[in-house]
Every structure is written in structure tokens, then in C-alpha cells.
Amino acid sequence: MIIIGEKINGSIPSVAEAIANRDAEFIKDRARKQAEANATFIDCCASVPEEQEVETLKWMIECIQEVTDLPISVDSPSADVLVEAYKFCKRPGLFNSVSGEGDKIDKIFPIMAKEENKGWQVIALLSDDSGIPKCAADRLRVFGNIMAKAKEYGIAPSRIHIDPLVEMLCTSEDGIATNIEVISTVRKQYPDIHITAAVSNISFNLPVRKLINLGFLVLAMNAGLDSGILDPTNRDMLGLIYATEALLGEDDYCMEYIGAYREGLIGPKK
Amino acid sequence: MSKLEEVSVLITKGKAKLIGAAVQEALDDGCEATAVLDTMIDAMGVVGEQFKNNEIFVPEMLVAARAMKKGVEVLKPHLSGGSASVAGKVIIGTVAGDLHDIGKNLVAMMIESAGFEVIDLGVDVPADKFVEAVRENPDVKIVGLSALLTTTMPAMKNTVEVLNAADFRGSIKVMVGGAPITQEFADEIGADAYTADAASAAQKAKELAA
């Protein structure tokens, strides 16, 4: 499972405060803790007005790179910001994100197509100019368009993390059926592609959110989810990821599961 | 870390993909093939001990044994007679009427890792099949019988009786094990040894064959 650590995001009030005060230690601590908890990428989102965003991301990225060699998921709703901010990364990371919306793809894919950026990956949301499509068929149509663009620019499916867009369960009419249909169809069409999700969106506005998040994770992984934007320092979440991978037959002799336990990443704290 | 230490660490960590190269490097470095084999057997001994003490889980023992197997493959051509079975031959099987093989397989694996050649007769093995196997392998040193069910304990008793009546009895040792088996039961039916787990079985086999 690819884990995109979500804890450095300006939309979290304590992080916003740290950004405003340029509290480097706070940012570094969150980067370090996520790295220790086996994150694959450290997500970095400023959540400040666009005119300050590039400069803010530069400072944040530098803080993160001081404490970990993990690749960074450069997170901004603006493709123009991503085009500037990715340059601050010492090693190839993840563009978070593009979608079928506007010309985002045409700004990011050409950068990824360059020889020197072959290590860069991208998250692609299945929304377009009309918003988030309601039904699975429409999201898959957006997916088809994105993959046509990827082919055009020579971006291999293994560099793309498709985000089927997780919406809150409490107002959904069909539970996560739409998500599951999208995930399993995408997985069937492209065995090498990554499928990601912002897991905690699912439980918005519900009590004991953790239970909903964990249940969603298992069902989505079963359908083909292999990447997630989540908090790796949440031991229940991480433990369930290892357990589910073993149950899905993706963990030879359960050695990853046992290894995570031995490293003290999962199970009761010793 | 010396080459032999590296081999030892890779065995205990169960690194099947890396062990072959490490064994080859140790040989290239001038280590005797038998010394490499002894190192691996000792490492498996440590793994067995850890398992016995509940310090590691079954899969960790399995991957160590898998690494051992890979290492032995590389080593075999360098050993005299092309054989890694320095300790002798062992015949093993689950007794008649009993289809359980997990415990038996673990024991077979650990005994093999201790340097024995293991002839595994499988599950539901009638007494005369054991006798036949010993006749076909006159150099066999140990016969191991497994039973998981209380209902197949009589079949184990019967098998030991048949073996005890055979003319070759003096040249073999009979070991028994399985969840319902006890030292008391082993004594009562006339077996030579009982062990409670796979690691102890391998240890006991070494003692009996020495």
C-alpha cells in the first residue's frame, strides 16, 4: 500500500498556525513522525491564498526535506502553483493533483513527460468542468479522457494515482457502491495503475469517524485501492492496511505484517 | 561482518533472494563448503530455539527454512557427494487415518534444515508403508510419526508395534509427536523419543543420529 501522509496540510488549524508563524519545528516533527510510521510520500499542502502559495510551499518543502528523504506529494488545487513548487523538491515526488478540469493536465503532463522528470507521479481526480460526476459511468468517462491524455504525453499508467473521489457517506444514497464500481473497473482496465483516495472524507459528519474510515479502507482495498491519502501515525489504520494486504494474498508468508509488528508500527504500543 | 556471519544473518532473517549470492561469496572467499553448511544449520538451530520459546511466529520459521533450502541449492555441488545430508536419513509421515500435515511438515522442514535427508511419506500412512520405506532405505536412522487426533493415537501405537517387531528395529530410532501425544504415551507404546515442537524434534533427531 502506498501511503501519502496527510498531516502537513494548511487546512488543519494547528498546521495553519505553524505556517503563519513559520514554525519549522512543528512541520519537521510531523514529517519525521510520518516517515517513522512508514509513509511512502509526505503530502504538503499550504492552503493559503494563491499569491502566497508558491513561497509558502517552498518553505514547507524545505522543512520536510531537512528531516526526511521521502518523496513529497506537492498538494495544491492550482496547476500553476504545482508547476512552480515541484522545482523545490530534491527528488521526484507526486503532483497532487490534476483532474479533467480546465487545462490542469496540459500544464502538468508535459512536465512529467520530460526525461529529467521521469520519476514524478501524479494524482488524477475523476472530476471535470461539470464538477464531480454523480454516477460511475460518468466518472469512468472522465477517466477515459485522462488516460487518453496520458497516452498522448507518454505517461505510463504506473505513474498515475487515480482518485475516484470519495464523498461523505452520510448523504450518499448508495453507500460506496459508486466508488467501488469505479475502483474495480479502473483496476481491471489497468492492472499497473495506482488507485488512491482521501480516506477520511467518507466519514464526514458522522460520529466515531474512525469506524467508517476503517471499514471503507478494507472494502476499497478489496476492490483494488492500493494507495491512500491518510494518517500513517494512526496505528489502527496502519495495522488494518497490513492485515488487509495479508488477507488479500499480497503479503508472502505475512512477513510484511509481522515485520510491521516487530518494528512496533502496529498493534498495542509497547 | 564476515561472509559466514552474513550467511547466518540471512538465514535467520529468511532472505531467500539474497542467500544464494552470500553463500557463493563465502565460497569464493575461501570458506569450506562444510563450514558454510554448518553455519546455516546452526542459524536454523537458533531459529528453532526462538520458535520454541514463542519469540517468533510460524511464517518467520518458514521463510528461514526457505532461505536455508536456497542456500543449500547453491552449496550442494561443492559438498562431497553433492549431498547436504550430513546427518543421515529420516523417514517421516502422519499415521493411518490422520490427514493432518502442517505439524508434520514443520518437523520435516526443521529436520531437513538440521542437515538430514527427509523422506516424507505424506499423510494417512499405513504401518506397512513405513516398514517398506525403511527396507528401501537401509541407511535410514530415524522414523518420525505424527498424529494430531486422539482418534488416531491407536494407529500410532499400532505403527510403533509393527516397527518394533521388525528385524531392522535395532538400527533405527522411532520418534513420535503431535498435539495429543505426550512423553507418557510415547513411553507406553515403545517409541524412542517424543518432542513437543518442530525445533525440539530437530534437536532430538541430531542427538539420536549422532
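Here the structure is a predicted model, which is why all the values come from computation and not from measurement.

### Overview of the interface of chain A and chain B
Turning to step 1, where the next piece is worked out: At the junction of the two partners, chain A supplies 6 residues and chain B supplies 8 residues.
Turning to step 2, where the next piece is worked out: Applying the counting criterion to the chain A and chain B interface returns 2 salt bridges.
Turning to step 3, where the next piece is worked out: Counting every contact that joins chain A to chain B gives 3 residue pairs in polar contact (both at pLDDT 80 or more).

### Re the state of the cysteines
Turning to step 1, where the next piece is worked out: In total, this model carries 0 disulfides over all chains according to the counting rule given.
Turning to step 2, where the next piece is worked out: Residue Cys-63 of chain A stays outside any disulfide, its sulfur separated by 8.7 Å from that of Cys-44 of chain A, the closest cysteine.

### Looking at the sheet that holds strand 1 (residues 2-5) of chain A
Residue and element names in this part refer to chain A.
Turning to step 1, where the next piece is worked out: As summarised here, the arrangement of the 8 strands in space is 7-6-5-4-3-2-1-8, forming an open sheet in which the pairing is parallel. The open sheet has two edge strands with one neighbour each: strand 7 (194-195) and strand 8 (227-230).
Turning to step 2, where the next piece is worked out: Where strand 3 (residues 72-75) and strand 4 (residues 94-100) come together, 3 bridges link them in parallel fashion. Residue pairing in the sheet places Val-74 in a bridge with Phe-95 of strand 4.

### Remarks on the pattern of salt bridges
A side chain with one charge may pair with a side chain of the opposite charge, provided their charged atoms come close.
Residues and elements named next belong to chain A.
Turning to step 1, where the next piece is worked out: Taken as a whole, this structure holds 28 salt bridges over all chains when the rule is applied.
Turning to step 2, where the next piece is worked out: Note that Arg-22 and Glu-55 form a salt bridge whose closest N and O atoms lie 3.8 Å from each other. With a gap of 33 residues between them, Arg-22 in the loop between helix 1 (13-20) and helix 2 (24-36) and Glu-55 in helix 3 (residues 50-67) connect regions that are remote in the sequence.
Turning to step 3, where the next piece is worked out: On the basis of relative accessibility, which here comes to 52%, the residue Glu-55 falls in the exposed class.
Turning to step 4, where the next piece is worked out: Three or more residues joined by partner-sharing salt bridges are found here, namely Glu-25, Lys-28 and Glu-66.

### Some remarks on helix 7 (residues 177-189) of chain A
For the α-helix, the turn length of 3.6 residues means that residues three or four positions removed from each other point alike.
Residue and element names in this part refer to chain A.
Turning to step 1, where the next piece is worked out: In a regular helix each residue adds 1.5 Å, so 13 residues correspond to 18 Å; helix 7 covers 18 Å between its end C-alpha atoms and thus fits that length.
Turning to step 2, where the next piece is worked out: Along helix 7, the residues that are buried comprise Thr-178, Asn-179, Val-182, Ile-183, Val-186 and Arg-187. Considered in projection along helix 7, the buried side chains sweep an arc of 155° and stay on one side of the axis.
Turning to step 3, where the next piece is worked out: Those residues of helix 7 that are buried are in contact with strand 5 (121-128), helix 6 (136-153), strand 6 (160-163), strand 7 and helix 8 (209-223).

### So, the domain arrangement of chain B
Residue and element names in this part refer to chain B.
Turning to step 1, where the next piece is worked out: Domain annotation for chain B reports domain 1 (3-82) and domain 2 (88-209).
Turning to step 2, where the next piece is worked out: Put simply, the middle of domain 1 and the middle of domain 2, counted by C-alpha atoms, are 25 Å apart.
Turning to step 3, where the next piece is worked out: Taken together, the 11 residues of domain 1 in the interface contact 12 residues of domain 2.
Turning to step 4, where the next piece is worked out: Note on domain 1 versus domain 2: buried area summed over both sides is about 910 Å², and carbon and sulfur give 76% of it.
Turning to step 5, where the next piece is worked out: Contact with domain 2 buries area across many residues of domain 1, yet Ile-41, Lys-52 and Met-61 alone supply 41% of it, more than any other trio.
Turning to step 6, where the next piece is worked out: The residue Lys-69 makes a salt bridge to Glu-112 at a minimum N-O spacing of 4.0 Å.
Turning to step 7, where the next piece is worked out: Listing elements by their share of the side of domain 1 that touches domain 2, those giving two or more residues are helix 3 (33-52) and helix 4 (58-75).
Turning to step 8, where the next piece is worked out: At 6 residues, the largest contribution of residues to the side of domain 1 that touches domain 2 is made by helix 4.

### Looking at the side chain of Thr-196 of chain A
Residue and element names in this part refer to chain A.
Turning to step 1, where the next piece is worked out: Here Thr-196 lies in the loop between strand 7 and helix 8.
Turning to step 2, where the next piece is worked out: Looking at Thr-196, its side chain comes within polar contact range of the side chain of Ser-227, at 2.9 Å.
Turning to step 3, where the next piece is worked out: Here Gly-228 takes part through its backbone nitrogen, which lies 3.4 Å from a polar atom of the side chain of Thr-196.
Turning to step 4, where the next piece is worked out: Other than its neighbours up to four places away in sequence, Thr-196 contacts Ile-4, Ile-123, His-161, Ile-162, Asp-163, Pro-164, Leu-225, Ser-227, Gly-228 and Ile-229.

Criteria and cut-off values
Residues numbered from 1 in each chain as written. Chains lettered and ligands numbered in written order. Predicted model: local features only at pLDDT ≥ 70, side-chain atom pairs only at ≥ 80, totals over all residues. Heavy atoms only, no water. Contact = heavy atoms within 4.5 Å. Salt bridge = Lys/Arg side-chain N within 4 Å of Asp/Glu carboxyl O. Polar contact = N/O pair within 3.5 Å; in protein donor to acceptor, adjacent residues only side chain to side chain. Disulfide = S-S within 2.5 Å. Pairing = 2+ DSSP bridges. Helix = DSSP H or I, 4+ residues; strand = E, 2+ residues; numbered from the N terminus. Buried < 20%, exposed > 50% of the residue type's maximum accessible area, 1.4 Å probe, protein only. Expected span 1.5 Å × (residues − 1). Arc of directions from axis to C-beta. Domains from an automatic or database assignment. Buried area = accessible area lost by both parts, 1.4 Å probe.

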